[in-house]
Amino acid sequence: MTEEINDLIKGRLQKLDEFKAAGVNPYPYTYNITTNSKEIKDKYEKLEGHDESPEEVSIAGRLMTKRGHGKTCFAHLQDGIGKIQIYAKQEALADSYELFQKLDTGDFIGVKGKVFRTKTGELTIRVVEWQLLAKSVHPLPEKWHGLQDKELRYRHRYVDLMVNQEVKDLFVKRSKIVSQIRKFLEERGFMEVETPLLHVLQGGAAATPFKTYHDALSMPLFLRIAPELYLKRLLVGGFEKVFELGRVFRNEGMSYKHNPEYTMLEVYQAYVDYNHIMEMTEELVTFVLKETLGTLEVEYKGHKLNFKRPWKRITLIDALREHGGVDLTGKNEGEIREIAKKKGIEGANELGFGKLINVLYDKFVEADFIQPTFVIDHPLETTPLAKKKRDDENKVERFELIVAGMEIANAFSELNDPIDQRGRLEKQSNLKAAGDKEAESMDEDFLLALEYGMPPAGGLGIGIDRLVMIATGAESIRDVLLFPHMRPLG
RNA sequence: GACCGGCUAGCUCAGGUGGUAGAGCAUCUGCCUUUUAAGCAGGGGGUCCUGGGUUCGAAUCCCAGGCCGGUCACCA
């Protein structure tokens, strides 16, 4: 067994033997169901008094509660969509009633019978035939309080899902959000693609990668931190609208909004700029919220978020001044470093300039934006893959979408000038050589692709987990991940 | 990584200013033919996270460690 055997498990194992002794296979192969708990409730909603459904139903599920009364027994069966009460009677089941009494909560069974309403008004299946489908040998959590311990809920998510309906509901919602995203993009002519997760080089984002190793080629590899550079190669190849929805891996700490692996959507469209992408981001998010929640007003962590378009736009410089009390207007790099130092930024002189701006921004601004806000036009040094702003050489055409103090999306007018791109990657490369673990690698093949010519394009990345957090009210990213990253026990 | 808090029965939780651990649910036995947190009566179940120390005696106090949560830091 998976742990030391206590009396509860011993008792269940003994019952397992008793079923076998009675000639029952406790783990049979199939069971024919004709319906489910929800269909039954919908179909027989009008059933009254002593009426019975004209036909028998056959359903299967997990026994969640059991209330024996001597010669009768009530129980609740939980299937994939809900719960329904069943009623077993010695008179109707004859010999098999004795075995029915041996069932434990947690067991899977299939039952057959007509539907009636009890005198307390609950639709119930009167069991005429039943079959054990899988014996449970481990006791369920308590029926009233369920499983509360967060650690156990994350580590044993399967138990959390079986006893906490709202957890199941949340992951159903997550799945709907993801399919609505696909629907939105496909309706607009975007094609879903898959690019490598195993990367030879580190690129596409500022993040520390996980390292792995390929034995056959005797070479180190990185788990991808972003699909960006491959998706842009597809623009070079001639695809005009592509997206990828998949996992990325970042070798960083964990927090309520960070998990080392998370789901990212990246979208690229040829012949448009970040202004177009900003519009599309508003459309995408409002479409998804409407389709899944039916509203653009969302309650999150005590805030009433309103996603009605258009969303606020503010330049990063203005955001720093208005929300961070840091005025960088007309300042040169040295003056800005002085300001940062006064604001208590550690290593204000050692950090790269781009990184310094990011630190200022993260520290003084991000948490301040609660309503959906586009922060736009970042300093050039922060963003090596974005095009320079058309009327300001020192900035790039980039936006981040902030909601509830979290970065939800990041996008730019994509840099397609191979000479400029080479220069910027060279700077990254120098930073890397100087010890910056997050700096990007020089990717000669990507540069070669740009040399062939990449059309002007807008690109977008959306953190799906954070979007789901906001749509579901989840306070921690762990609550929207089925199996969040956990330190192993012992 | 720092600080704070938590860890007691399968689950949810009490308790413990140091004297050898409790409740509810679950489980087991008996009674019970429409219950639904079914009921009544009785029973069993513990590495009080781990290791060390202080003590006649540690689940309780002290030290170290583990895991989890929160805050901060790191990190888009």
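Calculation notes
Residues numbered from 1 in each chain as written. Chains lettered and ligands numbered in written order. Predicted model: local features only at pLDDT ≥ 70, side-chain atom pairs only at ≥ 80, totals over all residues. Heavy atoms only, no water. Pairing = 2+ DSSP bridges. Helix = DSSP H or I, 4+ residues; strand = E, 2+ residues; numbered from the N terminus. Near = heavy atom within 4 Å. Polar contact = N/O pair within 3.5 Å; in protein donor to acceptor, adjacent residues only side chain to side chain. Nonpolar A, V, L, I, M, F, W, Y, C, P; charged D, E, K, R; others polar. Axes fitted to C-alpha atoms, helices over the stretch in contact; angles between N-to-C directions. Phe/Tyr/Trp six-rings, centres within 6.5 Å; stacked < 30°, edge-to-face > 60°. Buried < 20%, exposed > 50% of the residue type's maximum accessible area, 1.4 Å probe, protein only. Lys NZ or Arg CZ within 6 Å of the ring centre and 35° of its normal. Salt bridge = Lys/Arg side-chain N within 4 Å of Asp/Glu carboxyl O.

(A) Focus on the sheet that holds strand 11 (residues 261-270). With mixed pairing, the 8 strands of this open sheet are ordered in space as 6-10-11-20-19-18-15-14. The open sheet has two edge strands with one neighbour each: strand 6 (191-192) and strand 14 (312-315). Direction of pairing for strand 6 relative to strand 10 (residues 241-249): parallel, over a ladder of 2 bridges. Across the sheet, E192 pairs through a bridge with F243, a residue of strand 10.

(B) Examining the protein's contact with RNA strand B more closely. Taken together, 53 residues surround RNA strand B, and among them T120, K143, A206, R398 and R478 come closest. Of what RNA strand B places within 4 Å of the protein, 59% of the atoms are sugar or phosphate. Interatomic distance of 2.5 Å between a side-chain N/O atom of K15 and a phosphate oxygen of RNA strand B. In terms of residue count, helix 5 (residues 150-155) provides more of the surface near RNA strand B than any other element does, 4 residues in total. Tallied by class, residues from the surface near RNA strand B come to 15 nonpolar, 15 polar and 23 charged.

(C) Highlighting the sheet that holds strand 3 (residues 83-89). Sheet architecture is closed into a barrel: 5 strands sit in the order 1-2-3-5-4, paired in mixed fashion. Going from strand to strand, the sheet's axes swing by 55° on average, the running direction of each strand aside. Two elements, strand 1 (residues 57-68) and strand 4 (residues 108-117), share 6 bridges in a ladder whose sense is antiparallel. Looking at strand 4, one finds that V57 is bridged to G113.

(D) Molecular detail of the packing of aromatic side chains. Inspection of every chain in the model, using the stated rule, returns 7 aromatic pairs. Note on F184 and F287: the rings are 5.6 Å apart at their centroids and 50° apart in plane angle, and the pair reads as tilted. Placement of F184 in helix 7 (residues 165-187) and of F287 in helix 9 (residues 274-293) is noted, with a sequence separation of 103 residues between them. Here the two residues F184 and F287 agree in accessibility, since each one is buried. Each ring, one from F307 and one from W311, has its centre 5.8 Å from the other, and the planes form 75°; the classification is edge-to-face. In this structure, F307 and W311 share a single accessibility class: buried. Aromatic ring contacts, followed pair by pair, group F307, W311, F374 and F399 into a single cluster. The lysine or arginine in question, R126, covers the ring of F116, its NZ or CZ lying 4.1 Å from the ring centre. One cation-aromatic arrangement involves R188 over F184; the distance from NZ or CZ to the ring centre is 3.6 Å.

(E) Inspection of the pattern of salt bridges at higher detail. Tallying each qualifying case throughout the model produces 37 salt bridges. A salt bridge links R153 to D160, with the nearest nitrogen and oxygen atoms 2.9 Å apart. Among the ionic pairs, E283 bridges to R188, the shortest N-O distance being 4.0 Å. Of the two residues, E283 is situated in helix 9 and R188 in the loop between helix 7 and strand 6; the sequence distance between them amounts to 95 residues. One salt-bridge network, held together by shared partners, links K15, D104, D107 and K135.

(F) Summary view of the environment of I419. For I419, the location among the structural elements is in helix 13 (residues 418-433). For I419, a relative accessible area of 69% gives the class exposed. Separated by 32 residues in the primary sequence, I419 and E451 have C-alpha atoms spaced 8.2 Å apart.

In short, shape yes, function no, at least from these values alone.
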